[in-house]
Amino acid sequence: MKYKIEITDIYKYELEIDADSKTEAIRKAEEYYENVEDGVTGVADANSHEETRFKVV
């Protein structure tokens with residue numbers, strides 16, 4: 001029997017954002033993540049790997 005397996009890797013990045021509210025901080029973090037190439041944020045590697053999940057689908 002063959003099983004189809006879904007593998008999900010989760011990566012974690014931490015930023016410090018200056019903002020007046022949590023909503024503004026989230027908005028600014030999303031903008032940073034989408035637009036800034038800092039060589040760290042958004043790089044999926046062993047330094048940012050948080051968890052791997054396996055699921056039979």
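Structural data are supplied above this passage.
Keep in mind that this is a model prediction, so the values were computed, not measured. (Residues numbered from 1 in each chain as written. Predicted model: local features only at pLDDT ≥ 70, side-chain atom pairs only at ≥ 80, totals over all residues. Heavy atoms only, no water.)

Caption draft 1: Main features of the environment of arginine 53. By secondary structure assignment, the location of arginine 53 is in strand S2 (residues 49-56). Sequence separation of arginine 53 and alanine 25 is 28 residues, and the distance between their C-alpha atoms is 29 Å. Setting aside anything within four residues of it in sequence, one finds arginine 53 in contact with Glu6, Ile7, Thr8 and Ile10. Engagement of the side chain of arginine 53 in a polar contact is seen with the side chain of glutamate 51, the distance being 3.0 Å. (Helix = DSSP H or I, 4+ residues; strand = E, 2+ residues; numbered from the N terminus. Contact = heavy atoms within 4.5 Å. Polar contact = N/O pair within 3.5 Å; in protein donor to acceptor, adjacent residues only side chain to side chain.)

Caption draft 2: Region of the structure containing the packing of aromatic side chains. Per the counting criterion, the structure on display carries 1 aromatic pair. A ring pair is formed by tyrosine 13 and tyrosine 33, whose centres lie 6.3 Å apart and whose planes are at 45°; its orientation type is tilted. A residue pair is termed long-range when its members are at least 10 positions apart, and tyrosine 13 in the loop between strand S1 (5-11) and helix H1 (22-35) and tyrosine 33 in helix H1 qualify at 20 residues. (Phe/Tyr/Trp six-rings, centres within 6.5 Å; stacked < 30°, edge-to-face > 60°.)

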